[in-house]
Amino acid sequence: MATVTTSKLIPAHLAQQIADQIDQVGATPMIEARIFGLLVDGGYTPEEIGPMVGVHWARVFNRLALRKLSGDAQGMVDRGALSGDSGYYIAQLSPQAQASMLTRIRNGEFATENDLQCAALDIQDAEEAAIPA
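Residues numbered from 1 in each chain as written. Predicted model: local features only at pLDDT ≥ 70, side-chain atom pairs only at ≥ 80, totals over all residues. Heavy atoms only, no water.

Draft legend 1. Molecular detail of the overall build of the protein chain. Each helix and strand counted, the protein chain has eight helices and zero strands in total. Each helix (α) and strand (β) of the protein chain, taken in turn from the N terminus, gives the series α-α-α-α-α-α-α-α. The C-alpha extent of the protein chain, read off along each of the three principal axes, is 45 × 40 × 20 Å. With 133 residues in all, the protein chain has 35% of them scored as buried. (Helix = DSSP H or I, 4+ residues; strand = E, 2+ residues; numbered from the N terminus. Buried < 20%, exposed > 50% of the residue type's maximum accessible area, 1.4 Å probe, protein only.)

Quick look at the structure:
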């Protein structure tokens, strides 16, 4: 069986220096997403990035998903008005559904973070069910 290797656009020592910026800047979830995105664009996988920053690859994957958020939602994550964890759930939604969720958040419709995440999952399920098979 042939081994597939991916070429790295960023040498390993520079990739580690980039990853180390997370600790040096007191990274928010969006800053983590941007740094992880640079590394992915440089040819690294979440499985390779995780050990560089001392987290499980799934956290890297979840933070990378934040890049799919609208600019408004990314700003909310940057300001701490939306957690990175809830941002992950909202990032799975269409742009229209994201905008609707942000309005609901601003209107205080969710008593807990769990309520927000469950609502996002319900919308995601409805959007997926609407896709023709």
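Now that the structure has been shown, we can carry on.
Draft legend 2. Focus on the pattern of salt bridges. For the coordinates displayed, the defined rule picks out seven salt bridges. A salt bridge links E32 to R63, with the nearest nitrogen and oxygen atoms 2.7 Å apart. One end of the pair, E32, is in helix α2 (residues 29–41); the other, R63, is in helix α4 (residues 57–65), with 31 residues separating them in the sequence. A relative accessible area of 9% means that R63 is categorised as buried. A salt bridge links D72 to R106, with the nearest nitrogen and oxygen atoms 2.4 Å apart. Of this pair, D72 sits in helix α5 (residues 71–79) while R106 is found in helix α7 (residues 95–106), placing the two residues 34 residues apart along the sequence. The exposure class assigned to R106 is partly exposed, which follows from its relative accessible area of 47%. Through salt bridges that share partners, E32, R59, R63 and D85 make up one connected network. (Salt bridge = Lys/Arg side-chain N within 4 Å of Asp/Glu carboxyl O.)

Draft legend 3. Structural view of helix α8 (residues 113–129). Spanning 17 residues, α8 covers 24 Å between terminal C-alpha atoms, matching the ideal 24 Å at 1.5 Å per step. The set of residues buried in α8 consists of L116, Q117, A119, A120 and Q124. Buried residues of α8, viewed axially, fall in a sector of 160°; they line one side. Exposed residues lying more than 90 degrees from the buried face of α8 are D122 and A129. Residues of α8 that are buried make contact with α6 (84–91) and α7. (Expected span 1.5 Å × (residues − 1). Arc of directions from axis to C-beta. Contact = heavy atoms within 4.5 Å.)

None of the figures reported here should be taken as evidence of function without further support.
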